[in-house]
Amino acid sequence: MRPTRFKPSTVDTSSVTLPRELQALVELLAENTHNVWARQRLLEGWSYGRKRDDVGKKHPCLIAYDQLPEGEKEYDRHTAVETLKVALKLGYQLVRSEDASRKPGISAPIPTPPQLSMDQIGSLKLASVLALWHSRSSDEWAKTPEIYRHLGQRVLKLGEPLLAYDVLTEGLKSSPMDVRLQQLLALALARSGATLRANDLLMRLRDQGHFDEETLGILARTHKDLWARAVAPVERKRQLRLAHKFYAEAYKLNRGYYAGINAATLELQLGDNDQAQALAREVREACLKELEHLAEGDPNRYWPLATLGEAALILRRWSEAEDRYAQAAEIGRGQYVELSSTRRNARLILDQLGRDRTLIEQCFRIPRVAVFTGHMIDRGDRSNPRFPPQLESAVRDKIRRGLKRLDVGIGFASAASGSDILFLETLVELGGELHIVLPYGQDQFVKDSVEIDPGAGWRKRFELLLAQAVEIITASDQKLVEDSTSHEYANLLLTGLASIKANQLETEMIPQAVWDRKEGDGPGGTASLIQHWRNMGLEVELIDLARILRQHCPQLTGIPTAVSPVKRQSRTRPNKLTTRMMAMLFADAINFSKLTEAQIPRFVNHFLGAIANLISTSSYAPVIKNTWGDGLYFVFSNVRDAGQFSLELCDLIGTTNWSKKGLPKDLNLRIALHAGPVYSCIDPVIEQPTFTGTHVSRAARMEPITPPGQVYASQPFAALAAAQYVAEFSCDYVGQTPLAKGYGTFPTYHVRRRNLPVIKTKQHTETSKRPRRVKTYKR
């Protein structure tokens, strides 16, 4: 065959969808593909050059994978995706060696100890960290506890305290006395908002005789967080003094500049300016000596430089502070956790001294978080054009301009063809981080919302984005009969998860939308979500799709508009189930089966009677209630009522003296909360209103794993509480908890009342010149 007539023949993989277990490996395999190519080139005598030179053997891509242009990375990702899909298409099954009988996966490509050095873990990107974590062998890792220390520390550095919690908790199962794992776990708890739990863990370490700078420093940090959240002046002063006490103790015993500069900053807050400046001078000298041993560009220079900036502020050396912070920010570019921590302390000092924050704020670039919605690309049979394919380039350009102008680095979106995929692709192009929420199972979603024009290539683009996402969440396992409710639920999850992420990074959440400015698409549509954002007081960054259509395709705007479709709202019909977004509570009494026959009437009269009385008097009573034996099933119209009532119920049961009523003194409840779309109907057996569906089952399976006397909630419940700005209680991450009856593992949260609400002062809001989108204090 003559070379000019060669036509590559490939295996048709268009019908193959990668399982999620394999999608997580694409980035790692793409990096490996690049490294194999680069190694071969180097062996052949090639070297790096700014331009390709085949004669001189120079190539611009002979650099580390993470430094490649995004287009080159896409080439390697495409190779990785197609390789995996061909193997599946040909009937091969890729399985983990230790997990072969349970689910698809992969074993060989993922490096595990001793193949992967501890130093290598410290430089992994988030996608590689996730691939490593999901492919681990827990039995093997238990033999190497340092892997948990290094991985937990790396995940914390990447700004993922919830994932760090999971890593460190598993490590402590095999090494329960490991002090470093406990310290890192406390830091993960503190960063995820579970301040009291972190404080309790650290106090136990201190009581055991651990007076190192790490233990005392993180302990002091928890009191500093409690000081920032306290309202009562007496409590604020108490927490501030405790924070200073432990920082000062850490510095006295260990002479570390980290504890020293924090002690100096808090002395300034306590009004002891002379002592604060004296300590700042000591710390300054220590940092200068530290820098003498660190080469220019060494990432370890970040904290000495940042500390010098803080010391300069305390000493009123404004120009020096600005210079030191700028140097630190250059080294810490992209390290959002470090930048956020440094900025927080700088704000404290500047506010105390009455100085303008502007110059210092400019040193710390922490990107915003965008939550996105937008119209799908038009189907071929659409009678009134809204988003024809000809507009793709213009819409992408608008999205890109908006993301760059608003400094967005993290995005939450679904992944339908059209606006969603354009948003996600553009964010990847700009080096951003993707979080994808699908309303229901991937195969059905592709059929409904991605592959609407099989020849347009949207499916392949969708799969590449899944491979690059750091998180993929499926809101419901299955599509609901009323499909609009599935989308409405996913939209609320998007908003809540983006809000949680923005609060973790102390940055802003920006809603962005591609919209034709027409109402009437019903629940779950673009207009519906935009209205929700506006109801929450958020300013929406709008891209006017109708205007783009007029500018770029004026010939299409003259086409008569078809009759507006009926809103996608449920119609109540006899004997037909309708869907509603509800919150659910399941609870059961501990050791009910051990009650004697004589105690059963007392249980009914006193225990259930007390709960009935609470329902009749509570402002947050359920709309549906049911019991069976010791089990309780309550349904609420919103997450706020469910959370408030569950805490009232927890207090009632926990504070009642049951022994005086002839019942066991340790009688208690396990309470679990979930929220999601459920079916509303009249139960034909009992002829009473009820709610049912898969989300009810999820709530029921959470309750058995909840500790007695506690309220646990699902991730969707926590996200909806964040999306609706519930202020009365918080949801603190507990970890990936195995649910009852083999139902899987799910992120679980501890619901607690906010006894120390946040003071809404200037230091908790964005002060830069950029338009304010949403306040960043934790509500």
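Keep in mind the model is a prediction, meaning the values are calculated, not measured. (Residues numbered from 1 in each chain as written. Predicted model: local features only at pLDDT ≥ 70, side-chain atom pairs only at ≥ 80, totals over all residues. Heavy atoms only, no water.)

### A look at the overall build of the protein
Moving on, step 1. For the protein, the count of helices and strands is 30 helices and 16 strands.
Moving on, step 2. Split into buried and exposed, the 779 residues of the protein put 53% on the buried side.
Moving on, step 3. Considering only residue pairs separated by 6 or more positions, the protein has 70% of its internal contacts joining residues 24 or more positions apart.
Moving on, step 4. For the protein, the exposed surface amounts to about 35,800 Å²; the carbon and sulfur share of it is 50%. (Helix = DSSP H or I, 4+ residues; strand = E, 2+ residues; numbered from the N terminus. Buried < 20%, exposed > 50% of the residue type's maximum accessible area, 1.4 Å probe, protein only. Contact = heavy atoms within 4.5 Å. Areas by Shrake-Rupley, 256 points an atom, 1.4 Å probe, with all protein chains shown as cover.)

### Some points on helix H16 (residues 318–331)
Moving on, step 1. With 14 residues, H16 extends 20 Å between its outermost C-alpha atoms, agreeing within 8% with the 20 Å of an ideal straight helix rising 1.5 Å per residue.
Moving on, step 2. Within the span of H16, buried status applies to Ala321, Arg324, Tyr325, Ala328 and Ala329. All buried residues of H16 fall inside an arc of 135° around its axis, so they share one side.
Moving on, step 3. Looking at the packing, one finds that the buried side of H16 touches helix H14 (273–292), helix H15 (302–314), helix H17 (336–353) and helix H18 (358–361). (Expected span 1.5 Å × (residues − 1). Arc of directions from axis to C-beta.)

### Focus: the pattern of salt bridges
Moving on, step 1. All told, the structure shown has 38 salt bridges when counted by the stated rule.
Moving on, step 2. Between Glu361 and Arg347 there is a salt bridge, and its shortest N-O distance comes to 2.7 Å. Taken together, the residues span a long stretch of sequence, with Glu361 in helix H18 and Arg347 in helix H17 at a distance of 14 residues. There is no split in this pair, since Glu361 and Arg347 are both buried.
Moving on, step 3. The partner of Glu728 in a salt bridge is Arg640, with the nearest N and O atoms 3.1 Å apart. With Glu728 in the loop between helix H30 (715–723) and strand E15 (729–738) and Arg640 in helix H28 (residues 639–655), this residue pair connects regions lying 88 residues apart in the sequence.
Moving on, step 4. Exposure remark for Arg640: the relative accessible area of 27% places this residue in the partly exposed category. (Salt bridge = Lys/Arg side-chain N within 4 Å of Asp/Glu carboxyl O.)

### Side note on the packing of helix H11 (residues 213–229) against helix H12 (residues 233–254)
Moving on, step 1. At a minimum axis separation of 8 Å, H11 and H12 run at an interaxial angle of 165°. The angle between H11 and H12 falls in the class roughly antiparallel. Crossing of H11 against H12: the hand is left-handed. Together, Glu213, Leu216, Gly217, Leu219, Ala220, Arg221, His223, Lys224, Leu226, Trp227 and Ala228 of H11 and Arg236, Gln239, Leu240, Leu242, Ala243, Phe246, Tyr247, Glu249, Ala250, Leu253 and Asn254 of H12 make up the contact between the two elements.
Moving on, step 2. Here the residues of the contact of H11 with H12 sort into 13 nonpolar, 4 polar and 5 charged. (Axes fitted to C-alpha atoms, helices over the stretch in contact; angles between N-to-C directions. Parallel < 35°, antiparallel > 145°, perpendicular 65-115°, else oblique. Left-handed = near helix turned anticlockwise from the far one by under 90°. Nonpolar A, V, L, I, M, F, W, Y, C, P; charged D, E, K, R; others polar.)

### Description of unusual backbone geometry
Moving on, step 1. Located in the positive-phi region is Arg255, a residue other than glycine, with phi close to 60°.
Moving on, step 2. Relative to the assigned elements, Arg255 resides in the loop between H12 and helix H13 (257–269).
Moving on, step 3. Positive phi, close to 55°, is recorded for Glu506, a residue that is not glycine.
Moving on, step 4. Relative to the helices and strands, Glu506 is located in the loop between helix H23 (483–505) and strand E7 (509–515).

### As for the environment of Trp318
Moving on, step 1. By the secondary structure assignment, Trp318 is in helix H16.
Moving on, step 2. Among the residues examined, Trp318 registers a relative accessible area of 27% and is labelled partly exposed.
Moving on, step 3. In the structure, Trp318 is positioned 42 residues away from Ile360 in sequence and 9.5 Å away in space, judged by C-alpha atoms.
Moving on, step 4. Other than its neighbours up to four places away in sequence, Trp318 contacts Leu313, Leu350, Leu353 and Arg355.

### Re the confidence of the model for the protein
Moving on, step 1. Across the protein, the average pLDDT comes to 83, with 86% of residues at 70 or higher.
Moving on, step 2. Overall, residues 560–575 carries pLDDT values under 50, and its contacts beyond four positions in sequence, including any with other chains, amount to 20 contacts.
Moving on, step 3. Every residue in residues 756–779 scores below 50 in pLDDT, and together they form 66 contacts with partners more than four places removed in sequence or on other chains. (pLDDT = per-residue confidence, 0-100.)

### Examining the packing of aromatic side chains
One pair of aromatic rings is described through two measures. These are the centre distance and the angle between the planes.
Moving on, step 1. The final tally for this structure, using the stated rule, is 17 aromatic pairs.
Moving on, step 2. For the pair Phe445 and Phe462, a centre-to-centre distance of 6.1 Å together with 40° between the ring planes defines the contact as tilted. Residue Phe445 is located in helix H21 (residues 442–450), and its partner Phe462 is located in helix H22 (residues 458–468); the two are separated by 17 residues in the primary sequence. Each member of the pair, Phe445 together with Phe462, is buried. (Phe/Tyr/Trp six-rings, centres within 6.5 Å; stacked < 30°, edge-to-face > 60°.)

### Some details on the sheet that holds strand E6 (residues 471–474)
Moving on, step 1. On the basis of which strands lie adjacent, the open sheet formed by 6 strands has the order E6-E5-E4-E3-E7-E8 and parallel pairing. Looking at which strands have only one partner, the edges of the open sheet turn out to be E6 and strand E8 (541–544). Neighbour-to-neighbour, the strand axes of this sheet turn through a mean angle of 20°, independent of strand direction.
Moving on, step 2. In terms of strand pairing, strand E3 (residues 368–374) meets E7 through 6 bridges, oriented parallel. Its bridge partner lying in E7, Thr373 is registered against Ala513. (Pairing = 2+ DSSP bridges.)

### Notes on the pairing of strand E14 (residues 711–714)
Moving on, step 1. Neither face of E14 is open: one carries Val711 and Ala713, the other Tyr712 and Ser714, and all of them are buried.
Moving on, step 2. Where strand E12 (residues 669–683) meets E14, 3 bridges bridge the pair, whose relative direction is parallel. Considered in E14, the bridge of Ala672 is made with Tyr712.

### Some remarks on helix H20 (residues 419–429)
Moving on, step 1. H20 sits mainly inside the fold: 10 of its 11 residues count as buried.
Moving on, step 2. Of the positions making up H20, those classed as buried are Ser419, Asp420, Ile421, Leu422, Phe423, Leu424, Glu425, Thr426, Leu427 and Val428.
Moving on, step 3. Where H20 terminates, the next one or two residues include Gly431, which has phi positive at roughly 85°.

### A closer look at a nonpolar patch on the surface
Moving on, step 1. A surface patch of nonpolar side chains, amounting to about 320 Å² of accessible area, comprises Val11, Leu90 and Tyr92.
Moving on, step 2. The residue Val11 is located in the segment before helix H1 (20–23) in this model.
Moving on, step 3. With a relative accessible area of 35%, Val11 lands in the partly exposed category. (Patch = residues over 30% accessible without salt bridge, like charges linked within 9 Å, V, L, I, M, F, W, Y side chains within 5 Å.)

### Some words on the packing of helix H19 (residues 392–405) against H20
Axes are the key here: two packed helices are described by the angle between their axes and the distance separating the axes.
Moving on, step 1. Following both chains from N to C, one finds H19 and H20 inclined at 50°, their axes separated by 9 Å at the closest point. Taken together, the axis directions place H19 and H20 in an arrangement best described as oblique. Like other packed secondary-structure pairs, H19 and H20 cross with a definite hand, here right-handed. Across from Glu392, Val395, Arg396, Ile399, Arg400 and Leu403 in H19, the residues of H20 making contact are Ser419, Leu422, Phe423, Glu425, Thr426, Leu427 and Glu429.
Moving on, step 2. In the contact of H19 with H20, the residues fall into 6 nonpolar, 2 polar and 5 charged.

### Quick word on the nonpolar core
As a rule of thumb, nonpolar side chains are buried together in soluble globular proteins.
Moving on, step 1. Counting 151 residues, the largest nonpolar core has Leu151, Phe607, Ile611, Leu649, Leu669 and Phe717 as its most contacted members.
Moving on, step 2. Sequence-distant contacts of Leu151, that is, excluding residues within four places in its chain, are made with Ile121, Val129, Leu132, Trp133, Trp141 and Val167.
Moving on, step 3. Ala394, Leu424, Leu427 and Leu466 belong to the second-largest nonpolar core, a separate cluster that totals 41 residues. (Core = buried A, V, L, I, M, F, W, Y, C linked by side-chain atoms within 4.5 Å.)

### Observations concerning the environment of Gly693
Moving on, step 1. Among the secondary structure elements, Gly693 is positioned in the loop between strand E13 (688–692) and helix H29 (694–702).
Moving on, step 2. Look at Gly693 and you get buried, because its relative accessible area is 18%.
Moving on, step 3. Put simply, Gly693 and Tyr679 are 14 residues apart on the chain and 5.9 Å apart in space, counted from C-alpha to C-alpha.

### So, the side chain of Thr215
Moving on, step 1. Examined against the element boundaries, Thr215 turns out to sit in helix H11.
Moving on, step 2. What Thr215 contacts, discounting residues up to four positions off in sequence, is Gln183, Leu202, Leu205, Arg206 and His210.

### Some words on the side chain of His532
Moving on, step 1. Position of His532 among the secondary structure elements: in helix H24 (residues 526–535).
Moving on, step 2. Non-local contacts of His532, meaning those with residues more than four positions away in its chain, are made with Leu492, Ala723 and Gln724.

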